[in-house]
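# Examining the three-dimensional arrangement
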Amino acid sequence: MEAVTVKSQTGATAQIYTHGAHLTSWISSSGEELIFVSKKAIFKPPKAIRGGIPVCFPQFGKLGPLGQHGFARNSTFTVSSQTDCSVTLKFRPTPEQLEEAKFAHRFELAVSVTLGTNDRGEDTLTQTLEATNMSDAAFDITAALHTYFTVSSIDQVQITGVDNKFLDNTQDMKESTSEPGPVTFSGEVDRIYVKTPDNLQIVDKGKRRTITLHKEGLPDAVVWNPWAEKAKAMADFDDEEYKGMVCLEPALAASGPISLQPQQQWHAQQVLSVSNT
Ligand SMILES: O=P(O)(O)OC[C@H]1O[C@@H](O)[C@H](O)[C@@H](O)[C@@H]1O
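Nothing here was measured: the structure is a model prediction, and the numbers come from that model. (Residues numbered from 1 in each chain as written. Predicted model: local features only at pLDDT ≥ 70, side-chain atom pairs only at ≥ 80, totals over all residues. Heavy atoms only, no water.)

Now for the site of the ligand. Residues in contact with the ligand, as listed here, are Arg50, Phe60, Gln68, His69, Arg73, His146, Asn169, Asp190, Val222, Trp224 and Glu249. Between asparagine 169 and the ligand, the recorded distance is 3.2 Å, taken from a side-chain N or O atom to an oxygen atom. Within the side chain of glutamate 249, one N or O atom sits 2.8 Å away from an oxygen atom of the ligand. For the ligand, the protein covers 82% of the area, taking 400 Å² as the surface of the free molecule. (Near = heavy atom within 4 Å. Polar contact = N/O pair within 3.5 Å; in protein donor to acceptor, adjacent residues only side chain to side chain. Areas by Shrake-Rupley, 256 points an atom, 1.4 Å probe, with all protein chains shown as cover.)

Right, here's the structure in full:
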């Protein structure tokens, strides 16, 4: 499978596969891998790669009639432009792909990844989505950047920035509440936090590292760790790997869908930055 590597001026790198415009690695300028990919991941289309950043489009999860998380992550993109530190990949489904996905509308989805630094000198990764409705009727979209972060140990991790109300996907999206304070992990977590602030953090005490996730156009945030039982049920995920990863996914999920009119464009992005504490 074809992949592109981009490099920042400070030496950070990222790898993006054309299959799904799927980012599978972001190594900081100090040499730390920040993204989790399962050692059992299957690198064979149309299967989505387990880990990295699957692009969920035009549907998040099961919030619509399509297959789980939409079909962009199962489809091959083409590189439309590239510099040392940036790449843009595009996907325009063919009539056959639309038929197979049972989706009636033509669209183009562009995914860009750019590496840089912010004004504090921290490594940044900016990932943008730009979708254009190329059909003559409106259609609904939901979406997510399903980001798998690698962590020291899941019991050392806290997610801050979300409040304590969420939809619990382990209980048919029941409205639920946790203790106030950061999200911690001691069992399966599969939650949609609706309309969160746009800055969220993954605080990893074990690695003495905080990743800040700034999102735009993606009002919700999904937090997922499959824990032991679900891990065992996934063929492309090792039984113990749930201890070393967490997904924090900026999403247009329960706040959606958005109706995209003919020729209308929709933009969204996440900016990840990393600091060592
Ligand atoms: O196995 P998939 O389709 O990649 O999905 C992984 C997980 O993705 C998360 O976004 C969902 O909230 C979970 O319910 C789901 O299990």
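Here the focus is the UniProt feature "binding site: substrate" (unreviewed entry) in the chain. Under the present numbering, the feature "binding site: substrate" (unreviewed entry) in UniProt falls on Arg50, Gln68 and Arg73. Over a stretch of 24 residues, the named residues converge on one spot in the fold, their C-alpha atoms separated by at most 13.8 Å. When the annotated set is filtered for residues lining the largest pocket, what remains is Arg50, Gln68 and Arg73. Among the secondary structure elements, glutamine 68 is positioned in the loop between strand 4 (55-56) and strand 5 (78-82). Take glutamine 68: its relative accessible area is 37%, and that puts it in the partly exposed class. In this structure the side chain of glutamine 68 is engaged in a polar contact, spanning 3.4 Å, whose partner is the side chain of lysine 62. Following the sequence through the fold, arginine 73 ends up in the loop between strand 4 and strand 5. Here arginine 73 is in contact with His19, Gly20, Ala48, Pro54, Val55 and Gln68, once residues within four sequence places are set aside. (UniProt positions renumbered as here; feature names shortened; annotations may be inferred. 1 Å grid on protein atoms, 1.4 Å probe; cavity = no way out; pocket = protein on both sides within 12 Å on 5 of 7 lines; lining within 4 Å. Helix = DSSP H or I, 4+ residues; strand = E, 2+ residues; numbered from the N terminus. Buried < 20%, exposed > 50% of the residue type's maximum accessible area, 1.4 Å probe, protein only. Contact = heavy atoms within 4.5 Å.)

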